[in-house]
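Structural description and commentary
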Amino acid sequence: MRIISAAVLLVLAAGCGSVRAPGTDDEFTDRAIKVAERWQRSAERGPWTEGFVPLRNLTLEPDWGRMPRWVGRSTINSAWKLETELSAEAPAPAELRWADGSTLSVPVLAATAAYAGLSKPKSFVDEKCPAGTGCRPLRVIAVARGEATMPSSRGDVRVPTWEFTVKGVPEPFRRVAVDPAAMGGPPRPLNVGVQEVSTYEVRAPTELQLSYQHGTCDTTYGSRVHETPEAVVVDVDVRQDDVEICDAMGKTDRIGVTLREPLGRRVVLDSSSGVPLLSQSDIRLVEFRNYDPRRS
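Let me begin by describing the structure that accompanies this report. Along every chain, residues carry numbers that run from 1 in the direction the sequence is written. Under the rules for a predicted model, residues below a pLDDT of 70 receive no local features and side-chain atom pairs below 80 are neither given nor counted, while totals for whole chains, interfaces and linings still include all residues. Side-chain numbers come from the whole structure's heavy atoms, not from hydrogens or water.

Before going further, it helps to spend a moment on the overall build of the chain. The way it works is that DSSP assigns letters per residue, a run of H or I at least four long becomes a helix, a run of E at least two long becomes a strand, and they are numbered from the N terminus. Within the chain one finds five helices and 13 strands. If you take every contact in the chain between residues at least 6 apart in sequence, the share linking residues at least 24 apart comes to 74%. As displayed, the chain offers around 15,500 Å² of accessible surface, 50% of which is attributable to carbon and sulfur atoms. The criterion used for residue contact is that any of the two residues' heavy atoms lie within 4.5 Å. To be clear on the numbers: accessible area is Shrake-Rupley with a 1.4 Å probe, and residue cover counts the displayed protein chains and nothing else.

And the structure:
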């Protein structure tokens, strides 16, 4: 007998269009009101709109194409070896800078704390550098302050980093230097967390283009929107065609939606999952259900 996991069933159901937001306009309105009210009273709303919510690991990905093959193996096995002195004194606060000109002052970690985050053992590692794998120690020989750009809830942001030089490696390993205590966490999705609308683009002050996912056996009947002073809840009216056989494949399409008022600084929410959408982004918050970058 073939066993299919719950996660696979969820993907297949989402691909076929059988798991999604309510079908009728009244059902959408009822759910949208609940989604907007939930967001309004959420403790996650303030950090999302006014603070710093990172949306990538705090250890920034290097250019693996420039790295010797052994570096990846050593990183997987957490084979770090510190060969320089690190300061345990926290530097002065730093200023985060967003593309729209907004800034935020944040506390900065000491180099020792940043290195602890960089070098913490992976949960699946039994031993460092198992024999015969090509692994070798990652010998940290210097550290310096730096800056990098990373995605956040408010768009790409310039953040302070600690840069650790490893002997024999062409570029440093970078760790975000912001104290995680000053960060917000990603909003959690509702229920099973099926995110129908993936992202959006502002075409005009009152015109959005939604990117949404649906099954190949589905028909799109239009878009729907519910507006409050703080949020815009969006949905696409998708219904499964009356077919006996469906290939359970998913696809992405785009559709426009018209607002009563300009979007402004309001947050766009997906009615299916309840999570905020990021403009023109491939980041899907529904995938953050069991992941928090602050603990990366």
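We are not done yet, so read on.
This part covers unusual backbone geometry. Positive phi, normally seen in glycine, also occurs at Ser78, with a value near 50°. The topology assignment puts Ser78 in the loop between helix H4 (69-76) and strand E2 (80-82).

Turning to its location among the elements, Asp156 is positioned in the loop between strand E5 (138-150) and strand E6 (157-166). With 102 residues separating them along the chain, Asp156 and Pro54 place their C-alpha atoms 9.4 Å apart. With residues near it in sequence (within four places) discarded, Asp156 still touches Arg97, Trp98, Ala99, Thr149, Met150 and Pro151.

To continue, consider the sheet that holds strand E8 (residues 197-204). One bridge is not enough; two strands pair if DSSP finds at least two bridges between them. One open sheet accounts for three strands, arranged E8-E9-E12; its pairing is antiparallel. Each end of this open sheet is capped by a strand with a single partner; those strands are E8 and strand E12 (250-258). For this sheet, the mean angle separating the axes of adjacent strands, direction not counted, is 25°. In this structure, strand E9 (residues 207-215) lies alongside E12, joined through nine bridges in antiparallel fashion. From the neighbouring strand, Gln213 faces E12, where its bridge partner is Thr252. As a rule, the C-alpha atoms of each element are fitted with a line to give its axis, helices using only the stretch in contact, and angles between N-to-C directions run from 0 to 180 degrees.

Our focus in this paragraph is the environment of Pro107. Tracing the sequence through the fold places Pro107 in the loop between strand E4 (103-106) and helix H5 (111-119). Type-normalised accessible area, obtained with a 1.4 Å probe on protein chains alone, sets the label of each residue: buried when under 20%, exposed when over 50%, and partly exposed for intermediate values. Overall, Pro107 belongs to the partly exposed group, its relative accessible area being 38%. Taking the C-alpha atoms as reference, Pro107 lies 9.0 Å from Pro180; in sequence the two are 73 residues apart. Not counting chain neighbours up to four residues away, the residues in contact with Pro107 comprise Pro93, Ala177, Val178, Asp179 and Ala182.

So, about the packing of aromatic side chains. Each aromatic pair joins two rings of Phe, Tyr and Trp (for Trp, the six-membered one) with centres within 6.5 Å, and gets the label stacked for planes under 30 degrees apart, edge-to-face for over 60, and tilted for any other angle. A full pass over the atoms with the stated rule returns three aromatic pairs. Ring centres of Trp80 and Phe173 lie 5.1 Å apart, and the angle between their planes is 80°; this geometry places the pair in the edge-to-face category. With Trp80 in strand E2 and Phe173 in strand E7 (residues 173-176), this pair connects stretches of sequence that are 93 residues apart. The same class applies to Trp80 and to Phe173, which are both buried. When the NZ atom of lysine or the CZ atom of arginine is within 6 Å of a ring's centre and also within 35 degrees of its normal, the charge is said to sit over that ring. The positively charged end of Arg145 is found above the aromatic ring belonging to Trp162, 5.4 Å away from the centroid.

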